[in-house]
Amino acid sequence: MALPPQPDSPAPAGEATLPALPPAAAASAPPAPTARPTHSRTAMVLTGGVVGLIAGLGAGYDHFRKQPAVYESTAVVSGTDPGAVMAPVVLDRAARRLDAMAPFAPPLPGTTSERVAYLNQNLSLQMKDGVVHLAFRGPNPADTPKYLKAVAEAYAVPGARPVPLPPAPGAKAPVTPAPTAPTPTPVDPDAKVAAERAKLQAELAAITGEPIPAVETRLAANQSALKTTQAKLKTTNSNLEAIAAVGTDKVARLALMKKLGVTPDPDRPAAPSAEEKEWQTQLVSFQQKKAELGRRLGPEHRDMLALDEQIAFVRSLLEKSAAMRPTEDALDRHRTPLTNTWAKLNAEASTLAGAVQRDEATLAAAAPVRAKLEQLTGPPAPPLPPMPAPAPDQVTVAPQPRPAAPATSAGPEIMTSPTEGERVSPLLYRSLVPGGAIGLVAGLGLGFVASLVTGAIASRQARERKPKPLVPLKPVVVSAVRRTGATRIAKYDGPALNVPVLGQVPALKPDAPVEKKSVEGWSPALVSFTRPNSAEAEVYRAARRALVEALGSAGHKAVVVTGPGGGGDGKTTTAANLALSLAQSGKRVLLVDCDYHGTKQQELFRLGRLGDSLKSVMMNDVDLRVAVRSCEVANLFLLPAGRGPVDGADVLTRAKFKDLVAELKAQYEYVILDAPPTTAEKELKALAEHADGVVLVVRNAADAPARVATATSEVARAGSKVLGAVVTAAPVPAPAPAPTEQSTPTAV
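Here the structure is a predicted model, which is why all the values come from computation and not from measurement.

## Looking at the packing of aromatic side chains
So, point 1. In total, this model carries 8 aromatic pairs according to the counting rule given.
So, point 2. For the pair phenylalanine 104 and tyrosine 147, a centre-to-centre distance of 4.9 Å together with 50 degrees between the ring planes defines the contact as tilted. Residue phenylalanine 104 is located in the loop between α3 (88-97) and α4 (112-122), and its partner tyrosine 147 is located in helix α5 (residues 144-155); the two are separated by 43 residues in the primary sequence.
So, point 3. Under the relative-accessibility criterion, tyrosine 147 is labelled buried at 6%.

Spelled out as structure tokens, the structure:
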């Protein structure tokens, strides 16, 4: 149970016990609800599999729809030599026949050599059952049979030379009369054409090691790619020049972004620095303080005017910092990918230009040979020479009847007409099956992972919903020494100090859990803020009430908090907690760090901007209204000592310090001066002669009375008085006996 702060009101002496929670309350706590999974793991896996299968089938169908279709036409021709169909002469004849079969989609290649290359690329054949099976593939079902028909007709040319058949069994070979003169063997014109063509093709092979149509196709593709790349390169270079020339005008940059398709950045400031964040926090604090004081003091009050000047000063700092902050918009970031794209396009254009030059040189060298091949045609067969006339002195022989001509076989022929084009690629099932399989596996895997994640989240939520068992609280006993409200503080039973004991603080535990976390990162030792319901915070509240009583009349007092010296007394921590407690009671308090032997207040409160400090004010470097800063506790203001090696006596003994203390007392109800130990005589005198009293902080030990006596003498020599002492590291009070019938326990 927490110990709430109590108002300053008298209370009778005695002891109070915190009642423990009865066991029945813990036993009657409702049982924790059992976490039940909201989704079945199997159902999630199956659902993922179904969704993945549908997505995979959809992706497979989309892939099938985007692939170019290929159609095939087939035919059968007679012959025992499949290579004769693919002979250059046959393909050349077929290429010349294609003009009579127009139209074609896509259109026919322009030159005969390109058509021959196209036929050679898409024509396939197979020898089966003593005949040649031809197949031609193309992108159009109506044009595929036309190409195949042209090849078949070129192979089976009418008027082909007959092939003699062997004589029938038992037949006598015909007797042919011997000629009176030798008959010259006729020359086959096709053989001459073929020989000449073979010679020219050998010359082409010597010029280039690949077919000329392939070189022409590659050259056309490279020329087209080069034009496209050069156009892109020109556009990219123009965009880079426009970005470089646009300057810093915001309107012009926005117009260029719209032209280039760049999305402008939203109108938001860049991330502020740590110093800017601190200024912004101070600005918000000043504005809140102005709103709080405005209702009480009015706009013409000097505190309100000082706040206005502080707000204006912080705003000017923020404006200067924002003006100096470098900015980079989307147009600047777009320049980097544009530069990379320009370099890539430039390299690609250089490569394509080199390839085009090489192919053009190859075609230029092969052009004369190709022209001869284009002009080469088969001449008609020459007539047979006439038989020589017989000599006059020769005996005339009666003409004998000529034997019958030997039987001949038919030439190559088309056995089946080309079929209509039939789609052979792509096939729908070849796209759906892989896509569906991949989608199913991926969906099952994702469903399994989702089920694991959902189960883990459900288990965690169930653990969070499970209430923790109620543990009965042990009774807490505190003793009373003076009126501190309903709560009692253990009385001081140590060695006599000969000064009033304002409070005895148990040893602080920095590792104890905090009840309230500071947004500014304050130290856990500030128990009046971080653990306001702890026993230590209650002791500081009691010390605060005793200090107010010791000061007498209310308001506008300056108190020096010091110690006997030697370190370890907790003087700085006590001063900070007393100031916090006074501010929490509604008093307007200023905590001033005057200890230049160890400036620890700025560490407790995590203060930054140490250039604005007491030292800066005394050196006339900074105005007091700028050096004093507020914090997250209302009515509490802080003035740090400053940074760097400083002679505290030189700062505090100046004549300006007296006027400064007077000005601070006029603005604040209580000014807590965290002073160095009493052994620093000059600094103690400079502080004590301007203060209304001194509070000693001493560690509980056997030598505490002697140290307090020495410190009291030093304070008296400085011209001030000791209001009381705060004993630190005091022992935890022992539990008090149970209340009797005459005494009634008071709830803490």
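Read on for the rest.
## Observations concerning the side chain of glutamine 602
So, point 1. Mapping glutamine 602 onto the fold places it in helix α16 (residues 601-604).
So, point 2. In this structure, glutamine 602 is in contact with Asp593, Leu607, Leu610, Pro640, Ala641 and Gly642, ignoring residues within four places of it in sequence.

## Here's the deal with the environment of arginine 315
So, point 1. Along the chain, arginine 315 turns up in helix α10 (residues 302-324).
So, point 2. Expressed as a C-alpha distance, the spacing of arginine 315 and tryptophan 279, which sit 36 residues apart in the sequence, is 8.2 Å.
So, point 3. The residues touching arginine 315, leaving out its near neighbours within four places in the chain, are Leu283 and Gln287.

## Considering the side chain of threonine 229
So, point 1. Inspection of the secondary structure assignment puts threonine 229 in helix α7 (residues 212-245).
So, point 2. Taking relative accessible area as the criterion, threonine 229 reaches 4% and is therefore assigned buried.
So, point 3. In contact with threonine 229, not counting residues within four places along its chain, are Leu345, Glu348, Ala349 and Leu352.

## Observations regarding unusual backbone geometry
So, point 1. Despite not being glycine, arginine 606 has its phi angle at roughly 55 degrees, a positive value.
So, point 2. Note that arginine 606 resides in the loop between α16 and α17 (614-618).
So, point 3. Arginine 606 sits in the partly exposed class, given a relative accessible area of 46%.

## Focus on the packing of helix α21 (residues 681-688) against helix α22 (residues 704-718)
So, point 1. Contact geometry for α21 and α22: axes closest at 8 Å, N-to-C directions at 60 degrees. Classified by the angle between their axes, α21 and α22 sit oblique to one another. When the axes of α21 and α22 are compared, the crossing they make is right-handed. On α22, the residues touching Leu684, Lys685 and Ala688 of α21 are Glu714, Val715 and Ala718.
So, point 2. Looking at side-chain class alone, the contact of α21 with α22 contains 4 nonpolar, no polar and 2 charged residues.

## Remarks on the confidence of the model for the chain
So, point 1. Mean pLDDT over the chain stands at 78; residues scoring 70 or higher make up 78%.
So, point 2. Confidence drops under pLDDT 50 across residues 377-410; counting only partners more than four residues distant or on other chains, this segment forms 20 contacts.
So, point 3. Segment residues 736-748 is flagged for pLDDT under 50; beyond a separation of four residues in sequence, or across chains, it makes 16 contacts in the model.

## Side note on the nonpolar core
So, point 1. Val592 and Leu614 are the most contacted members of the largest nonpolar core, which totals 46 residues.
So, point 2. With 5 residues, α22 is the largest single contributor of residues to this core.

## What about the sheet that holds strand β17 (residues 722-730)?
So, point 1. Pairing is mixed across the open sheet formed by 8 strands, whose spatial order is β10-β17-β16-β11-β15-β12-β14-β13. Across the chains shown, the open sheet's two edge strands, defined by having one partner strand only, are β10 (501-506) and β13 (629-630).
So, point 2. As paired elements, strand β11 (residues 557-562) and strand β15 (residues 670-674) share 5 bridges and run parallel to each other. For alanine 558, the partnering residue across the bridge sits in β15 and is valine 671.
So, point 3. The sheet contacts of α22 involve β16 (693-699) and β17, and relative to β16 the element is tilted by about 160 degrees.

## Overview of α21
So, point 1. Within the sequence span of α21, burial applies to Glu683, Leu684, Ala686, Leu687 and Ala688.
So, point 2. The inward-facing, buried residues of α21 contact β11, α19 (648-652), α20 (655-667), β15 and α22.

## A short note on helix α15 (residues 571-584)
So, point 1. Spanning 14 residues, α15 covers 20 Å between terminal C-alpha atoms, matching the ideal 20 Å at 1.5 Å per step.
So, point 2. When you tally the buried positions in α15, you get 13 out of 14 residues, the bulk of the element.
So, point 3. One or two steps after α15, the chain reaches glycine 586, where phi turns positive at roughly 100 degrees.

## Quick word on empty space enclosed by the protein
So, point 1. The tally for this structure, following the rule as stated, stands at 3 cavities of 30 Å³ or more.
So, point 2. In this structure, the largest cavity is lined by Trp279, Gln282, Phe286, Gln310, Phe313, Val314, Leu317, Arg609, Arg625 and Val626.
So, point 3. Listing elements by their share of the lining of the largest cavity, those giving two or more residues are α9 (274-297), α10 and α18 (624-627).
So, point 4. Sorting elements by how many residues they give to the lining of the largest cavity places α10 first, with 4 residues.
So, point 5. Grouping the constituent residues of the lining of the largest cavity by class yields 6 nonpolar, 2 polar and 2 charged.

## Some remarks on the pattern of salt bridges
A side chain with one charge can pair with a side chain of the opposite charge if their charged atoms come near.
So, point 1. Under the defined criterion, the tally for this structure stands at 23 salt bridges.
So, point 2. Note that aspartate 92 is salt-bridged to arginine 96, the shortest N-O span being 2.9 Å. Taken together, the residues span about one helical turn, with aspartate 92 and arginine 96 both in helix α3 at a distance of 4 residues.
So, point 3. Exposure remark for arginine 96: the relative accessible area of 41% places this residue in the partly exposed category.
So, point 4. With a closest N to O distance of 3.3 Å, aspartate 650 and arginine 654 form a salt bridge.

## Here's the deal with a nonpolar patch on the surface
So, point 1. On the surface, a cluster of nonpolar side chains totalling about 420 Å² of accessible area is made up of Phe448, Val449, Leu452, Val453 and Ile457.
So, point 2. Secondary-structure assignment places isoleucine 457 in helix α12 (residues 428-465).

## What to know about the pairing of β17
So, point 1. Burial analysis of β17 places 8 of its 9 residues in the buried class, the great majority of the element.
So, point 2. Looking at chain direction, β10 and β17 are connected through 5 bridges and run parallel. Considered in β17, the bridge of valine 505 is made with threonine 728.
So, point 3. Relative to β17, β16 is paired through 6 bridges, and the arrangement is parallel.

How each quantity is defined
Residues numbered from 1 in each chain as written. Predicted model: local features only at pLDDT ≥ 70, side-chain atom pairs only at ≥ 80, totals over all residues. Heavy atoms only, no water. Phe/Tyr/Trp six-rings, centres within 6.5 Å; stacked < 30°, edge-to-face > 60°. Helix = DSSP H or I, 4+ residues; strand = E, 2+ residues; numbered from the N terminus. Buried < 20%, exposed > 50% of the residue type's maximum accessible area, 1.4 Å probe, protein only. Contact = heavy atoms within 4.5 Å. Axes fitted to C-alpha atoms, helices over the stretch in contact; angles between N-to-C directions. Parallel < 35°, antiparallel > 145°, perpendicular 65-115°, else oblique. Left-handed = near helix turned anticlockwise from the far one by under 90°. Nonpolar A, V, L, I, M, F, W, Y, C, P; charged D, E, K, R; others polar. pLDDT = per-residue confidence, 0-100. Core = buried A, V, L, I, M, F, W, Y, C linked by side-chain atoms within 4.5 Å. Pairing = 2+ DSSP bridges. Expected span 1.5 Å × (residues − 1). 1 Å grid on protein atoms, 1.4 Å probe; cavity = no way out; pocket = protein on both sides within 12 Å on 5 of 7 lines; lining within 4 Å. Points joined across faces, edges and corners; volume = space filled by probe spheres on them. Salt bridge = Lys/Arg side-chain N within 4 Å of Asp/Glu carboxyl O. Patch = residues over 30% accessible without salt bridge, like charges linked within 9 Å, V, L, I, M, F, W, Y side chains within 5 Å. Areas by Shrake-Rupley, 256 points an atom, 1.4 Å probe, with all protein chains shown as cover.

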